[in-house]
Amino acid sequence: MKSESPRLRLASPATNAGAGKSAASTPPNEKIRVRPIVSPVFLDQMLENHGSSGILRDSFALLRAPEHDVTSSSLAFFSEPRIHSLSQRLGNDRLNELVETIESVIRSRLLAQGPSSISLITFRKPPDIEQVPLDEVKLYVDSYFQQLHPIYPFLDRKEFEEKVFGPNRSEILSSSCAFSALYHTVLALGCQYHEGGTFDPGNGRVWKLFQVSLGLVSDMLIPREALMSLQALVAMIADRREGANPLSGNVQSIFAMNTCCLQIEEVLLMEAARMAQGLGYHRALGNGDQRHKSTCHRTFWVIYCMEKHMCFQCQKGSMIPDHDIGCPIPDVPESVFGEYNSFLSAIGFGRILSQAYTSLFSVSAAIQTTQAYHIAIEEIETRLERWRTAVPMELRPGMLCHESNMPSSSFREPSFKMIVLQTNFSYYGLIIALARLKMQIGRQDQPQKQEETKRLLMDTARAVVEGSKNVDIAAHTPIFILAVLPLAALFILFDFVIHNPTHPETRNNLSLLDVAAGHFSLLDYKSGGIVPASLLTEFAHIARQYVKDFDSQQQQQQQPGELGSSIAGSILADTEVSTPLNQTNSNGSNNIELQYNMMGPWEARDYLYYPVTPETPVQGLPENPMASFNIQSLFGFVVPDLGQD
């Protein structure tokens, strides 16, 4: 029997009763407490006082953000004061230079500035359509349904294969833009598991096939919405991440979730969300095709999951209002692994992300009081814990890393490994976002709670780095798993090392920084330098050199306590003094308590220091600009010009 990590989970007596139950439906006797009042909306304040300034979102902020900003992204942004503070502590300007270099690379990719050997993504139709022999078509289609269909189950395999391998395939491909786009995206998705795909858009067979689908996008958007067109869009998103006919809308969205198509993912996914609602699928078909009811339901929920993830990570409000959904959740046997219904679990997690963004990270959330923040966080944590305990023990996030069943040899199905990674990494990403927010708004909380939150943040970052060893360094791996969350973990561990050079856990954190650096070095190598991930290895070098120099300085002191006192004073200037856990009492009024049953009283040397801005106001967040930059752009390419011929 595996035991659960006391540091990577949120638990309470109220949530234990829900263990093993569905994450998407709550029995009447386990109803989640609803807040009795309507949450404030910033728009109401502006209507009452039309002269007030708005809360801006700086979409051009890169790694650096305003000091008070806490985003839904799992990344730890560097503010200017934070960089200045870290540089003073480091005694050099290496960090600032590194951040500027990374920002320069991102800007050049986003804005197509300067020379580049990377192919541009366009929506042009290719002059020649790639011809694939029938035996290879069968191979690619089979790979698609083995590798991706259980994760994004929007297609009816039998109906799709009847069209693909039937006598009228050529006629259907020439007469239906939607089916042609779906067909070529499915082939591209299956092809990448045999020929490795490519990190450079425009090169290789995978891209020749996908370019056919890209060239058909405008033809699918102009006519009246249809199920097949919708499925084709979803497939294109998911390939990088499947209308009147239920076979074509989603595959393009799947393709856009990977490293080569990041800039088109949002375009395709937003259009898919709009189209799904236009067809009435969110209300159990409405105007949809009644002959393909189950497929329509599947398609809607695949879009729902992808759209909620994308909006949360990119800090955007969802286009799909949860309060207006009546579409039933269908049974999808191919997404059930033993006792784990992965499709139902993904939908449940998407719902939690939607609630978390609205109540904690939206513009209007920033004007609520600290007390309201804590109530909202507690509610999200309760839902998250109920979702987590519904996952079977052997797959459940928050397990002790060395006891996890993550080794590749244990995965039963080709798609099972990715499902386990998505389940765990999605959970860790939300835990990191919640922990960072709790540290920011809870500066005046009891020291015990602050210390527990710091430990949770550090241990979750560690779990991400350790889990990255199971990630396939390949172009078909979703970018959130391949790079974004490992990068967030790297930033967090870097901060902990620099602010805790003598802490007992610093040696382990340095080792994990080296592991993360190795992950990004391998990504750089596997991509042939197309993805400049080796830049990120410098964080590990800076941290290790700092700890080494710090130790040397301590050893050279004639009075050993002198430097330590100076450093301690510097650290305490950045954060509050912690109090030993055995000298504080937890707040019994909270439903959620971080459980540290395996931890004894801490010595003074065990306290973690992590900078929390002293000027952070108690009553909510200030009305200064908020950054919404998507770090994924470091791993993606130029935004396509939709007007290109």
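Residues numbered from 1 in each chain as written. Predicted model: local features only at pLDDT ≥ 70, side-chain atom pairs only at ≥ 80, totals over all residues. Heavy atoms only, no water.

A separate point is the overall build of the protein. For the protein, the helix and strand inventory stands at 22 helices and four strands. In the form shown here, the protein has an accessible surface area of approximately 25,900 Å², with 50% of it arising from carbon and sulfur atoms. (Helix = DSSP H or I, 4+ residues; strand = E, 2+ residues; numbered from the N terminus. Areas by Shrake-Rupley, 256 points an atom, 1.4 Å probe, with all protein chains shown as cover.)

This part covers the packing of helix 16 (residues 370–389) against helix 17 (residues 416–441). Running from N to C, helix 16 and helix 17 point in directions that differ by 160°, and their axes come no closer than 11 Å. Here helix 16 is positioned roughly antiparallel relative to helix 17, judged by the angle of their axes. Remark: the crossing between helix 16 and helix 17 carries left-handed chirality. Residue-level inspection shows Thr370, Tyr373, His374, Ile377, Ile380, Glu381, Leu384, Trp387 and Arg388 of helix 16 in contact with helix 17, the latter providing Thr423, Tyr427, Leu430, Ile431, Leu434, Leu437, Lys438 and Ile441. Residue composition of the contact of helix 16 with helix 17, by class: 11 nonpolar, three polar and three charged. (Axes fitted to C-alpha atoms, helices over the stretch in contact; angles between N-to-C directions. Parallel < 35°, antiparallel > 145°, perpendicular 65-115°, else oblique. Left-handed = near helix turned anticlockwise from the far one by under 90°. Contact = heavy atoms within 4.5 Å. Nonpolar A, V, L, I, M, F, W, Y, C, P; charged D, E, K, R; others polar.)

In total, this model carries 16 salt bridges according to the counting rule given. Note that Arg462 is salt-bridged to Asp459, the shortest N-O span being 3.9 Å. On the criterion of helical spacing, the pair formed by Arg462 and Asp459 is a turn pair, its members being three residues apart in helix 18 (residues 447–467). With respect to burial, Arg462 and Asp459 carry one shared label: buried. One salt bridge connects Arg462 with Glu505, and the closest N-O pair in it is separated by 2.6 Å. With a gap of 43 residues between them, Arg462 in helix 18 and Glu505 in the loop between helix 19 (479–499) and helix 20 (506–526) connect regions that are remote in the sequence. For the pair Arg462 and Glu505, a shared accessibility class is recorded, and that class is buried. Salt bridges sharing common partners tie together Glu130, Glu136 and Arg205. (Salt bridge = Lys/Arg side-chain N within 4 Å of Asp/Glu carboxyl O. Buried < 20%, exposed > 50% of the residue type's maximum accessible area, 1.4 Å probe, protein only.)

Where nonpolar side chains cluster on the molecular surface, the patch consists of Val41, Leu43 and Leu47 and spans about 280 Å² of accessible area. Within the fold, Leu47 resides in helix 2 (residues 42–48). (Patch = residues over 30% accessible without salt bridge, like charges linked within 9 Å, V, L, I, M, F, W, Y side chains within 5 Å.)

With 14 residues, helix 5 (residues 134–147) extends 20 Å from end C-alpha to end C-alpha; this agrees with the ideal 20 Å at 1.5 Å per step. Taken together, the buried positions of helix 5 are occupied by Val137, Tyr140, Val141, Ser143, Tyr144 and Phe145. (Expected span 1.5 Å × (residues − 1).)

Moving on to the packing of helix 19 against helix 21 (residues 538–556). Helix 21 packs onto helix 19 with a crossing angle of 10° between their chain directions and a minimal axis gap of 10 Å. Comparing the axis directions of helix 19 and helix 21 gives the class roughly parallel. In this structure, helix 19 meets helix 21 at a crossing whose hand is left-handed. Mapping the contact onto sequence places Leu490, Phe491, Phe494, Val497 and Ile498 in helix 19 and Phe539, Ile542, Ala543, Tyr546 and Val547 in helix 21. When the residues that make up the contact of helix 19 with helix 21 are grouped by side-chain class, the tally is 10 nonpolar, no polar and no charged.

Looking at the element boundaries, Glu381 is found in helix 16. Of the polar contacts made by the side chain of Glu381, one reaches the side chain of Lys438; its length is 2.8 Å. (Polar contact = N/O pair within 3.5 Å; in protein donor to acceptor, adjacent residues only side chain to side chain.)

The biggest cluster of nonpolar side chains holds 158 residues, and the ones touching the most others in it are Phe154, Ile303, Leu360, Leu384, Leu430, Leu523 and Phe539. Sorting elements by how many residues they give to this core places helix 19 first, with 18 residues. (Core = buried A, V, L, I, M, F, W, Y, C linked by side-chain atoms within 4.5 Å.)

Within the secondary structure, Ser426 is located in helix 17. On the accessibility criterion, Ser426 (13% relative accessible area) is buried. Beyond its immediate sequence surroundings of up to four residues, Ser426 is in contact with His309, Phe349, Leu421 and Phe480.

As enumerated under the stated definition, the model contains 16 aromatic pairs in all. Between Phe160 and Phe179, the aromatic rings sit 6.1 Å apart at their centres with planes inclined by 45°, giving tilted as the arrangement. Of the two residues, Phe160 is situated in helix 6 (residues 157–164) and Phe179 in helix 8 (residues 177–195); the sequence distance between them amounts to 19 residues. We classify Phe160 as buried; its relative accessible area is 0%. Pairing Trp301 with Tyr304 gives two aromatic rings, centres 5.0 Å apart and planes at 70°, and the pair type is edge-to-face. Here Tyr304 and Trp301 lie together in helix 14 (residues 293–314), a separation of three residues that amounts to about one turn. As far as the burial class goes, Trp301 and Tyr304 line up, both buried. Aromatic ring contacts, followed pair by pair, group Tyr144, Phe145, Phe160, Phe179 and Tyr183 into a single cluster. (Phe/Tyr/Trp six-rings, centres within 6.5 Å; stacked < 30°, edge-to-face > 60°.)

Position of Gln146 among the secondary structure elements: in helix 5. Measuring from C-alpha to C-alpha, the distance between Gln146 and Gly190 comes to 9.1 Å, with 44 residues separating the pair along the chain. Setting aside anything within four residues of it in sequence, one finds Gln146 in contact with Pro414 and Ser415.

Further remarks concern the state of the cysteines. A covalent bond bridging the sulfur atoms of two cysteines is what the word disulfide describes. For the coordinates displayed, the defined rule picks out zero disulfides. You can see Cys296 has no disulfide; the closest cysteine sulfur is in Cys327, sitting 8.6 Å from it. Exposure remark for Cys296: the relative accessible area of 0% places this residue in the buried category. (Disulfide = S-S within 2.5 Å.)

Moving on, we get to helix 3 (residues 80–90). Taken residue by residue, helix 3 has Arg82, Ile83, Leu86, Ser87, Arg89 and Leu90 as its buried positions. Down the axis, helix 3 shows its buried residues gathered within 160° of arc, on one side only. In helix 3, the exposed positions angled more than 90 degrees off the buried face are occupied by His84 and Gln88. Immediately downstream of helix 3, the backbone of Gly91 shows phi near 80°, a positive value. (Arc of directions from axis to C-beta.)

Per-residue confidence for the protein averages 73 on the pLDDT scale, and 64% of its residues sit at or above 70. At the low end of the mean pLDDT range in the protein sits strand 4 (residues 626–627), at 30; at the high end sits helix 15 (residues 342–361), at 95. Low pLDDT, under 50, characterises residues 239–253; the stretch is placed with 159 contacts to residues that sit more than four places away or in other chains. In the predicted structure, residues 636–645 sits below a pLDDT of 50 and forms 28 contacts with residues beyond four places in sequence or in another chain. (pLDDT = per-residue confidence, 0-100.)

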